[in-house]
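An overview of the molecular structure
Given next are the chains, with one letter for each unit.
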Amino acid sequence: MSLNDYSQRVLQECVINKYPWEKEFIQSVTEVFDSLTPLLDRESKYEKNRILERIVVPERTILFRVQWVDDKGQIQVNDGYRVQFNSAIGPYKGGLRFHPSVNLSILKFLGFEQIFKNSLTTLPMGGGKGGSNFDPKGKSDREVMAFCQAFMRELYRHIGPSIDVPAGDIGVGKREIGYLFGQYRRIRDSYDSVLTGKALEWGGSLVRPEATGYGDVYFASEMLATRGESFDGKKVLVSGSGNVAQHACEKATQLGAKVLTLSDSNGTILDKDGIDAEKLAFVKDLKNNRRGRMKEYADKFPTAQYFEGARPWTLAPCDIALPCATQNELNGEEAKVLVANGCMCVGEGANMPSTPEAVACFQANKLLFSPGKASNAGGVATSGLEMSQNAMRLSWSAEEVDQKLHGIMKSIHNAAYTAAKEYGPKGDYVDYVLGANIAGFRKVANAMVDQGI
Ligand code: NDP
Ligand code: 2IT
């Protein structure tokens, strides 16, 4: 594919010329626009309504100062953000990321992806993202609490159950959501469904913690089924060791696969015997409670080797790769090694983990490849189910939520597959990137046309 005159002009004038330093945002817009060419060529209403010019600009971007006191009694200052990107089909919805790398380019890319991802879930949610350059690593629980309270002291005025509903992302899990919710409730004096990813005891949904990783594996299973394949007996490489990676590992193992790797920002462990339920329980305790490093896995289990500074992709041959850590964590060279080693399927659990060169390599070699906005949508979809349960003031069983999640992942696969067949190149290969982008975009763009300016 390539851009047409309209998308080329908007990309250049509204994105690259104005924000040349926002490289992640430019990368995500380029990918989406590239996919839209066959739709834009067929439907003139999007250009007539200047949808591309409008959709690349957040409806509102909030930047704020976060000031808090550390354990030494010193004042700390961080940047706080909430990008309210698009509310054409529902209240803004999307996670908060706390990581030292956070800047506006990263949050605009994540917010932009979220628009189309949320549209694909079938639920009524707009797109947003937020966060801070705060680094939770090495901080005490009290420091994390102080930061979260200071962050919410500003954010509370911009969110609400029908306005904007944040959730977790990198560096924001159950602990942070708890401190954020406690502060919101205190300030507003109202028990609003204003955050998702809450603990079960105070409004959370069963299966929300598992949903992104499980959903990623459900989506990959759907892709594999189109070639008569499944996870059973397959070798799998997973990157990351946080929320998404842990549960992708869990579900893949439950379906009969052997997961060989997990990683963190320091390095990767390779366990030739596979990371079974017992070993995964150790990882969950290590990462979620003790906040330790993956290196400790190799000290505990002699079947594992630790590779300092390495990423999983070139360490061992695999059938399936599930990148579940962060953006641009799998490059073109690593993609070539995966292909040469016989990998047949790549299911993105993280947001934009494959570089454009890696995606091109997977597609040229006809691998089953799903973009994160389709295959990691199970997390935000189950956030949507948490909002529904909160609104009804009741909670569904784990079986019920898991069944709904599974159904949503199947319908996302179906939407991406069908759009790829309708608009993509003819032949056997299914371009899930094109399909997901067109299916996600069409619903939001039509809503924008319907609602006028
Ligand atoms: P966590 O914070 O739970 O885990 C992140 C994992 O990725 C950790 O193992 C972390 O290692 C590693 N990591 C983070 N940054 C880097 C980096 N720059 N280089 C190498 N490794 C890194 O986050 P999640 O599991 O929630 O998120 C993972 C990915 O999934 C992100 O892309 C996120 O946007 C996406 N996602 C998350 C959803 C959710 O529901 N949580 C939903 C949909 C997508 P370390 O411990 O060393 O930091
Ligand atoms: O990237 C994502 O979809 C998330 N971090 C989850 C967002 C949400 O609102 O559950």
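Here is what the cut-offs are and how they apply
Residues numbered from 1 in each chain as written. Chains lettered and ligands numbered in written order. Predicted model: local features only at pLDDT ≥ 70, side-chain atom pairs only at ≥ 80, totals over all residues. Heavy atoms only, no water. Near = heavy atom within 4 Å. Polar contact = N/O pair within 3.5 Å; in protein donor to acceptor, adjacent residues only side chain to side chain. Helix = DSSP H or I, 4+ residues; strand = E, 2+ residues; numbered from the N terminus. Nonpolar A, V, L, I, M, F, W, Y, C, P; charged D, E, K, R; others polar. Axes fitted to C-alpha atoms, helices over the stretch in contact; angles between N-to-C directions. Parallel < 35°, antiparallel > 145°, perpendicular 65-115°, else oblique. Left-handed = near helix turned anticlockwise from the far one by under 90°. Contact = heavy atoms within 4.5 Å. Pairing = 2+ DSSP bridges.

Okay, the site of ligand 2 next. In the neighbourhood of ligand 2, 14 residues make up the surrounding shell, with Lys93, Lys117, Lys129, Asp169 and Ser383 lying closest. Here an oxygen atom of ligand 2 sits 2.7 Å away from a polar atom, N or O, in the side chain of Lys93. In the environment of ligand 2, an oxygen atom lies 2.6 Å from a nitrogen or oxygen atom belonging to the side chain of Ser383. Among the elements of the structure, strand 3 (92-98), helix 5 (104-120) and helix 15 (377-392) are those that each provide at least two residues to the shell around ligand 2. Grouping the constituent residues of the shell around ligand 2 by class yields 2 nonpolar, 7 polar and 5 charged.

This part takes up the packing of helix 12 (residues 332-340) against helix 13 (residues 356-364). Here helix 12 crosses helix 13 at 25 degrees, and the two axes come no closer than 7 Å. Looking at the two axes, helix 12 sits roughly parallel to helix 13. In the crossing of helix 12 with helix 13, the sense of the turn from one axis to the other is right-handed. On the side of helix 12, the interface is formed by Gly332, Ala335, Lys336, Leu338 and Val339, while helix 13 contributes Glu357, Ala358, Cys361 and Phe362. Across the contact of helix 12 with helix 13, the residue classes tally to 6 nonpolar, 1 polar and 2 charged.

Now for the sheet that holds strand 7 (residues 258-264). Within a sheet, adjacent strands bond to each other through the backbone by hydrogen bonds, running parallel or antiparallel. The mixed open sheet is built from 7 strands, whose spatial order is 9-8-7-6-10-11-12. One side of each edge strand has no neighbouring strand; the edge strands of this open sheet are strand 9 (304-308) and strand 12 (368-370). Looking at each pair of strands side by side, their axes are set apart by 15 degrees on average, direction ignored. Here strand 6 (residues 235-238) pairs with strand 7 via 3 bridges, running parallel. Looking at strand 7, one finds that Val236 is bridged to Val259.

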